[in-house]
Amino acid sequence: MQNQAANSSLNNQTEALNNSKELALFDLDHTLLDVDSDYLWGEYIVKKGLVDEAQYRTANQRFYEEYIAGTLDATEYNEFVADFLTTLPLSRLFEIREDYIKTEIEPHIRPKAISAIQHHIEAGHDVVIISATNDFVVSAIAERFGIEAANVLATPLEVKDDRYTGKLTDKPNFKEGKIYHLNKWLEAKKEQGVTYSKTYGYSDSKNDLPLLEWADMPVAVTPDEVLHAHALAHNWAVEDWSI
């Protein structure tokens, strides 16, 4: 009986070890991309005449400055962005989004970002894109990096009856909100029998200090001044991915 118990315990430990993986978390804007996809989306729909230029651009610029300053009300901003999405059916929005990604996003994908993601994938690690930008934009950009929707964490916008409602379904995926959504994702993975023995975090922004401090191996990517100083003070890796 003792041998059976010992063998069972050993088997459980072996199974847990086999299901234990490494996880790499990547911010999107100014990390994987050389631009801010959220801000650029606003500029794109202005350029295409889909919204009133003066009104939208003024608000978009204000929100972007608040984001840089670290004072952004993420719920207010995402509801502002989602308001336009309520005006068109999903099929038309998807067409607009595809053109936006091809013309505005693809030229700004950082080669070093592609290499970093590929390195983790080849090592057998799970890769997640975790972004404060809304899931309408992020999910489609993530496909360009070979990341499926199940491994995308972004600010969730509500869809009912095949139309966007202009509301969020949960907290913005911003600052501490990234930890909130990440913990929900990790809990779901745990229920599937997957745990992580080591985590990597990549970001450019001081807004992601909670995420980088959570990670075992934080990497400051072309960081802003605040994050750069923090990274140096804590002996974090600092890399330049700019193009």
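Bear in mind that the values here come from a model prediction, so they are computed numbers and not experimental data.

(A) Molecular detail of the nonpolar core. The biggest cluster of nonpolar side chains holds 56 residues, and the ones touching the most others in it are F26, L32, W41 and F145. The element contributing the most residues to this core is helix α5 (residues 74–85), with seven residues. For F145, the contacting residues outside a window of four places in its chain are L28, L32, L33, I109, A113, I114, I117 and I129. Among the nonpolar cores identified, the runner-up in size contains 12 residues, and L23, I130, W185 and Y196 belong to it.

(B) Spotlight on the packing of aromatic side chains. By the definition in use, this model includes 17 aromatic pairs. A ring pair is formed by W185 and Y196, whose centres lie 6.0 Å apart and whose planes are at 20°; its orientation type is stacked. Taken together, the residues span a long stretch of sequence, with W185 in helix α9 (residues 176–191) and Y196 in strand β6 (residues 195–203) at a distance of 11 residues. Ring-pair connections join several aromatic residues into one group, and the members of that group are W41, Y44, F84, F94, Y100, F136 and Y164. Positioned over the ring face of F63 is R62, at 4.3 Å from the centre of the ring. The ring of F136 carries the charged tip of R97 above its face, separated from the ring centre by 4.8 Å.

Rules and cut-offs
- Residues numbered from 1 in each chain as written.
- Predicted model: local features only at pLDDT ≥ 70, side-chain atom pairs only at ≥ 80, totals over all residues.
- Heavy atoms only, no water.
- Core = buried A, V, L, I, M, F, W, Y, C linked by side-chain atoms within 4.5 Å.
- Buried < 20%, exposed > 50% of the residue type's maximum accessible area, 1.4 Å probe, protein only.
- Helix = DSSP H or I, 4+ residues; strand = E, 2+ residues; numbered from the N terminus.
- Contact = heavy atoms within 4.5 Å.
- Phe/Tyr/Trp six-rings, centres within 6.5 Å; stacked < 30°, edge-to-face > 60°.
- Lys NZ or Arg CZ within 6 Å of the ring centre and 35° of its normal.

Shape is all these values report; function is a separate question.
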